[in-house]
Structures are given as structure tokens and as C-alpha cells.
Amino acid sequence: MILRSITLENIRNHRRTTLALVPGMNILCGPNGVGKTSVLEAISLCAMARSFVPVADAALAHTGCDAYGASAEGLRDLDVPYRVAVHWRDGQRKRITSTSGDGLTARDLLGELPVVALSPDHKSITFGAPAERRAFLDAVLAQASQRYRDLLYEHRRLLKQRNAVLADAPLSGCALQALLEPWTEAFVDVSAQISVRRRTAIADLAPRVRGAYLEVSGGAERIDMQYVADSVDHVLDADVAAVAEAYRAAATRLAEAERRRGQTLFGPQKDDVEFTIDGRPVRESASQGQHKSLLVALKLAECSVLRDATGERPVVLLDDLFSELDHERCRRVMERVLAQGMQCLLTTTDGETVRTLVPKGTAVLVATVRNGEITHEERHLDAEYDDGATHR
Amino acid sequence: MAPDAIDQVVELFATLPTIGRKTARRLAFHLLRQPPEFVEQFAASLVSMRTAVRECTQCCTFTDRDVCAICASPKRDRSTICVVEHPSDVMAIERTHEYRGLYHVLHGTLSPLDNIGPDDVRIRELLGRLDGVNEVILAINPNVEGEVTTLYIARQLQTLGIRVTRIARGVPVGTDLEFADDATLAKAIEGRTTL
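Computed from a predicted structure; not experimentally measured.

Cut-offs applied
Residues numbered from 1 in each chain as written. Chains lettered and ligands numbered in written order. Predicted model: local features only at pLDDT ≥ 70, side-chain atom pairs only at ≥ 80, totals over all residues. Heavy atoms only, no water. Helix = DSSP H or I, 4+ residues; strand = E, 2+ residues; numbered from the N terminus. Rg over C-alpha atoms; globule rule 2.2 N^0.38 Å. Buried < 20%, exposed > 50% of the residue type's maximum accessible area, 1.4 Å probe, protein only. Contact = heavy atoms within 4.5 Å. Areas by Shrake-Rupley, 256 points an atom, 1.4 Å probe, with all protein chains shown as cover. Lys, Arg positive; Asp, Glu negative; His and termini not counted. Charge placed at Lys NZ, Arg CZ, Asp CG, Glu CD. Phe/Tyr/Trp six-rings, centres within 6.5 Å; stacked < 30°, edge-to-face > 60°. Lys NZ or Arg CZ within 6 Å of the ring centre and 35° of its normal. Salt bridge = Lys/Arg side-chain N within 4 Å of Asp/Glu carboxyl O. Buried area = accessible area lost by both parts, 1.4 Å probe. Polar contact = N/O pair within 3.5 Å; in protein donor to acceptor, adjacent residues only side chain to side chain. Domains from an automatic or database assignment. Disulfide = S-S within 2.5 Å. Axes fitted to C-alpha atoms, helices over the stretch in contact; angles between N-to-C directions. Parallel < 35°, antiparallel > 145°, perpendicular 65-115°, else oblique. Nonpolar A, V, L, I, M, F, W, Y, C, P; charged D, E, K, R; others polar. Pairing = 2+ DSSP bridges.

> An account of the overall build of chain B is needed here, citing residue identities and associated values.
Helix and strand counts for chain B come out as eight helices and six strands. Taken from the N to the C terminus, the helices and strands of chain B come in the order α-α-α-β-β-α-β-α-β-α-β-α-β-α. Relative to a compact globule of 195 residues, whose C-alpha radius of gyration would be 16 Å, chain B shows 21 Å and is clearly more extended. Taken over the C-alpha atoms alone, chain B extends approximately 65 × 45 × 35 Å along its principal axes. Within chain B, the fraction of its 195 residues that count as buried is 35%. If you take every contact in chain B between residues at least 6 apart in sequence, the share linking residues at least 24 apart comes to 45%. Of the roughly 12600 Å² that chain B leaves accessible, carbon and sulfur atoms contribute 56%. Taken as two groups, the 22 positive and 26 negative side-chain charges of chain B have centres that lie 3 Å from each other.

Here it is in C-alpha cells:
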């Protein structure tokens, strides 16, 4: 997908902003807090009906507004036009329309406009708790497969329902067993499918991450990824029936404890992904620089997975990359993204420097943002200076 | 008529499914333009429907008699029961003219989150009417709660030696495979049959 334009209505400090984009590198520059990242968030809203960082809808809306909207126009990789609009009003469900239809849900939207976002907030993927890594993996798989989105929804629902049965304390052992059994069976079935899909996805991601890491860091360390699955880790082959059998065994083994605690104690909601660098766990032994390179490598690998799965080049959103990586690494990231023909949007406080790092022959837009408005736009068909400047 | 009375009617219409405030207002004003006899008859029909219609003592669908027309009919095959979620599902299956057996309406699905257990849907009533029944067809909606309710009933029936089946899930008739959504197609492949 190549986006032609993005429109923000009452998002953060933007009143109404429309920005025409170029197919290559789109640089949004300006001091902190002027509304650069909001443009990236608007694209994220158009892609998955939420920002790429956790934020409440009310906080996304302009101060004093109880509604916001984001819309985008683009061209799919098969040259079919694509349009999408997401509108939110306080107390109502988001109204989502696209070329595919009206009254869509976030589940319908995901994967139509594949997006890969990299923000300083994503550091928690390699640093933080297991939930962060599951969220990353789920986000990749959810954009790549509609079936996976449905499985995630079913899993969440089944987990809640099963916990509700377990929390109903007055039930005696036998009555509980009869009531719990069908929920367990359905939960085990969905859990096994999720677990196997995640394990397969890790096997697919690992070599891509390894390659991207070497390219970005310029180092020679070896990155490995291992899926650490609760209760079913000993099942080595990615066979749904075998994994389901292992979950069933866990359900029997943990029955007593689950009844005491009143909640589900097994399942993919407890899984983790372990990264190692030269055989040592990243969380314990990686340097700051290695963490950063790994995060970027994960996102670049996500790009290639999504591209293969959806047949569509994802749009890449790089939020404040230069505050995190040195210039040389940034240059390599941009080079790799652009070499694969992906459209890129990048925020920075230093537009001049970024422009010098964009590979020659790339279409470049430099847009200056001030107080929620685009005050200056320059378009270049390649990275030469001083042509096509337009002032507003 | 005081505008309060209009507001009250609008509020009431707006509580109905699929009716928003705008439509509710249109309906209220439409009724105001009708002759008073029409509105009286309209209101009376609503009241009499509510008082006359109850659940069939056998299949639990809505009826204005003790036993609904389907349960009372001598032409129906009494050895087969099709279990559905809502009375409207009975009508949907009847429209096909392909099914000759009886029905059983659950009026819901299991949902512990909403405190709905087996005693809150008509499962006990189903278990009480299995004399002479050879097959129970489970035709409950295939969402998360529906699937679990299907599993639960199947477990209860298995011990009784009755044949338990479920309706097939698959690609809608008259559409191309490429337009079927992934989940439907996946289920269709899972439930494939031998030729």
C-alpha cells in the first residue's frame, strides 16, 4: 500500500490537517509537542482503529472535543484505490468505513492497510514483561491473518467465561466438573491453535530478525528467538492435536488448584518469547545499543512477514527514531525500508540531518509541523536540495 | 397532547432493538397522524400478544396454545428433535421445508459471565422429553457461547445412547469460494465429507 494522503480531524492538537504524501520518505519535523507523532497515530487509526501506543480515545481527541476522525487514501499494490475513515464520538462505537464497506469493526479493518510502527514506547518489547512480547507477536499475526484475529477474540471470551465458572465458589466438585468441562474443551481447542500459530510465526520470524539485526547493527552477534509455551512446551512438533492433548493434561493436573484460586491457570495467555544474543538471554545481558538494534530488527522482520502474508507492502511509521539510534544505524534502517519499496513516515526534531541521510533517488517530503498545523512542505523527487519548495 | 407524552413514546420506541432515536421519533409522529382507532387496535394487539403468547409446554417455542402447532401436528417425525437458540430460528428452518421433525428452543446459551447456567436455558426441559427420540440435531449459533452450549448438551445426551448430530458449517450456496471468509472456509475444510 502506498498512501496518497492522510487527514486528521480534532486529533490531539490538530484541528483539521490534510497532508499529501510521497511514495518514499515522508519526514515530519518540528520541535517536541507540535503534533508530528499525531500524523503517525492517524495512520495507525486508519490501519487498526487504534494508536500504536496505548492511549484512551478521549485523550486522542483535541482538548474540549468529544469526537475525532482520521481518514486516508491510498493505492493498493495491485493498483486498486483504497480509502478508509475512522470516526470516534464519546460514548459511541467507532464508525469505520472503507472501500470494503460500511459499519466495519476493528477486526474487519486489520490487515487491509498493513502498518508497522516503531516508537520509543516499544522498548518494552525486549525489556518488559512477557505480556509485551505476546502483544507484539499477536499484533503481527492479527494483521497477517483474519483467522488469528478471530481466534484471539474467542480465546479472550472463553477465558473470561471459564474464569466466571471457576469463580462461582458454591458449586460442588461434581457439578463444577460437568459445567466446566465444555468450557475447558473449547478453551483447549482455541488455545492449541493459538499456541501452534505463534510457534510457527516465531520460526518464520527468527531468521528474518537475525538477518535484519546484522544489517542494522553492523555487528556479528547471533540473535535467536524461542517460544516459551506454558504447559505445552514439551510438545515439540507444531501439531494442534498434540498441543491440545497437552493442555487437556494440564487442565486435569491443575483442576484442584484452579478451583481453589477460582481462575484458569494454563493457556497461551501465560506464554513468552525469549530472545538470546550469542546464546545469552537478552533481558539480562544485552547492552542498551543491542536492545535498540534488536527492536528495530524485530520491526523490520515484521515488515517482511506482513508483506508475505498480505501481499501488500506495509506502511512504516518511525516515531523519533533518531533519538534512539545513532545516525549510521538510522541510515541503514531507512535504506532497508526504502529499498523494499515501502512507504515510510518519520518524525524528527532535526529534518535537515535526516534529509541528508535519505538514499539518493528517493521521493522525499519534508513537512514542518507547528502547533497542530503543517506550516511548510517541500517535495523532492530525489534527495536533492532546493527544488519544489512550497510555502503556506 | 403534551410534548411529554410524545417524548415518553419516543423513549420507549428507542429501547427496541435496531431502533435509534431518529426512527423512534418518526414512528411516534407516524402514529399521531393515524386515526385513533388504529392506535387503539395497535396497542391492544401488543397487550393481547403479551398475555396470550407463552412457551409451548413441549418445545418451549412461543405459542398462544398449550402445545404449539408443530408439536401438535401428527405429520411431524417425533423421533427427531432439532435444538435451536431462539423461536426465530424455528421459523428459519421451517422456511426450508426440508425438516420434518420437532424442535426444542433454549431461549439463550450458557454464559457464566451473565450468570446464565444450564437451569436458565431450557436444557432440563429437553432432557425431560427424550422418550422415543432417536436423534437430536444441535443447530445452535456457532459463536463462542453457542459452541460451548452445543458441547454441554452433547455431553449430557451421550450417556443416554441417543444419536447427537450438529448442523454442518460451510460455504454459503451460490457463492464462490474466494469470497468466503477465512473462518468459514477453515471450518468447511475441517468438516469436509467423504464422497
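> How would you sum up the overall build of chain A? Please name residues and give values.
Along its length, chain A carries 12 helices and 16 strands. Since a compact globule built from 392 residues should have a radius of gyration of about 21 Å, the 23 Å found for chain A is in line with a globular shape. Along the first, second and third principal axes, the C-alpha atoms of chain A reach 80 × 50 × 35 Å. By the burial criterion, 55% of the 392 residues in chain A qualify as buried. Across chain A, the fraction of contacts at a sequence separation of at least 24, relative to all contacts at a separation of at least 6, is 68%. Entry remark: accessible area of chain A is about 16500 Å², with carbon and sulfur atoms responsible for 49%.

> Go over the packing of aromatic side chains, please, and point to the residues and values.
Within the structure shown, the criterion is met by five aromatic pairs over all chains. Considering the side-chain rings of Y99(B) and Y103(B), the 5.2 Å spacing of their centres and the 65° angle between planes classify their relative orientation as edge-to-face. A relative accessible area of 1% means that Y103(B) is categorised as buried. The structure contains a cluster of three or more aromatic residues connected by ring pairs, namely F187(A), Y247(A) and F266(A). The ring of Y153(A) carries the charged tip of R107(A) above its face, separated from the ring centre by 4.3 Å.

> So what about the pattern of salt bridges? Which residues, and what values?
Oppositely charged side chains can pair when the atoms bearing their charge come close. Residues and elements named next belong to chain A. Overall, the coordinates contain 39 salt bridges over all chains when judged by the stated rule. With a shortest N-O distance of 2.7 Å, E41 and R12 are connected by a salt bridge. Pair noted here: E41 is in helix α1 (residues 36-48) and R12 is in the loop between β1 (2-9) and β2 (16-20), with a separation of 29 residues, a long-range link. Owing to a relative accessible area of 2%, E41 belongs among the buried residues under this scheme. Judged by relative accessible area, R12 falls into the partly exposed class, the value being 30%.

> Report on the interface of chain B and chain A, specifying residues and quantitative values.
With 17 residues of chain B at the interface, the matching set in chain A holds 17 residues. Between chain B and chain A lies a buried interface of about 1600 Å² when both sides are counted; carbon and sulfur atoms form 68% of it. Here chain B is connected to chain A by two salt bridges. At the boundary of chain B with chain A, the tally comes to five residue pairs in polar contact (both at pLDDT 80 or more). Contributing elements (two or more residues each) for the side of chain B that touches chain A: α7 (144-158) and α8 (182-190) of chain B. With six residues, the top contributor of residues to the side of chain B that touches chain A is α7(B).

> I'd love a proper account of the domain arrangement of chain B, names of residues and values included.
A common way to express how large an interface is: the accessible area buried when the components associate. If you check the domain split of chain B, you get domain 1 (4-52) and domain 2 (55-194). Between the C-alpha centres of domain 1 of chain B and domain 2 of chain B the distance comes to 34 Å.

> Explain the state of the cysteines residue by residue, including any values.
As enumerated under the stated definition, the model contains zero disulfides over all chains in all. No disulfide involves C344(A); its sulfur sits 8.7 Å from that of C303(A), the nearest cysteine.

> Explain the packing of helix α7 (residues 173-217) of chain A against helix α11 (residues 327-339) of chain A residue by residue, including any values.
Residues and elements named next belong to chain A. The interhelical angle for the contact between α7 and α11, taken along N-to-C directions, is 135°, at an axis separation of 8 Å. Compared by their axis directions, α7 and α11 come out oblique. Residues G211, A212, E215, V216 and S217 of α7 touch α11, and the partners they reach there are R329, R332, V333 and R336. By residue class, the composition of the contact of α7 with α11 is three nonpolar, two polar and four charged.

> Mind laying out the sheet that holds strand β4 (residues 101-105) of chain B, listing which residues take part and the relevant values?
Residues and elements named next belong to chain B. Spatially, four strands are ordered β4-β3-β5-β6 in an open sheet, and the strand pairing comes out parallel. Because the sheet does not close on itself, it has two edges, and the strands there are β4 and β6 (163-166). Looking at each pair of strands side by side, their axes are set apart by 25° on average, direction ignored. Across four bridges, the pairing between strand β5 (residues 135-138) and β6 is parallel.

> Explain the domain arrangement of chain A to me, using residue names and the numbers behind them.
Residues and elements named next belong to chain A. Assigned domains within chain A: domain 1 (1-114 + 315-392) and domain 2 (116-311). With centres defined by C-alpha atoms, the gap from domain 1 to domain 2 works out at 30 Å. In this complex, domain 1 contributes 24 residues to the contact, which on the side of domain 2 involves 29 residues. Interface area, domain 1 with domain 2, both sides summed: about 2500 Å², of which 55% is carbon and sulfur. Of all residues in domain 1, R107, E324 and R336 bury the most surface against domain 2, accounting for 28% of the area lost on that side. Scanning the region where domain 1 abuts domain 2 turns up three salt bridges. Here R336 ties to E215 by a salt bridge, and the two come within 2.9 Å at their closest N and O atoms. Of the residues in the side of domain 1 that touches domain 2, the class split is 14 nonpolar, two polar and eight charged.

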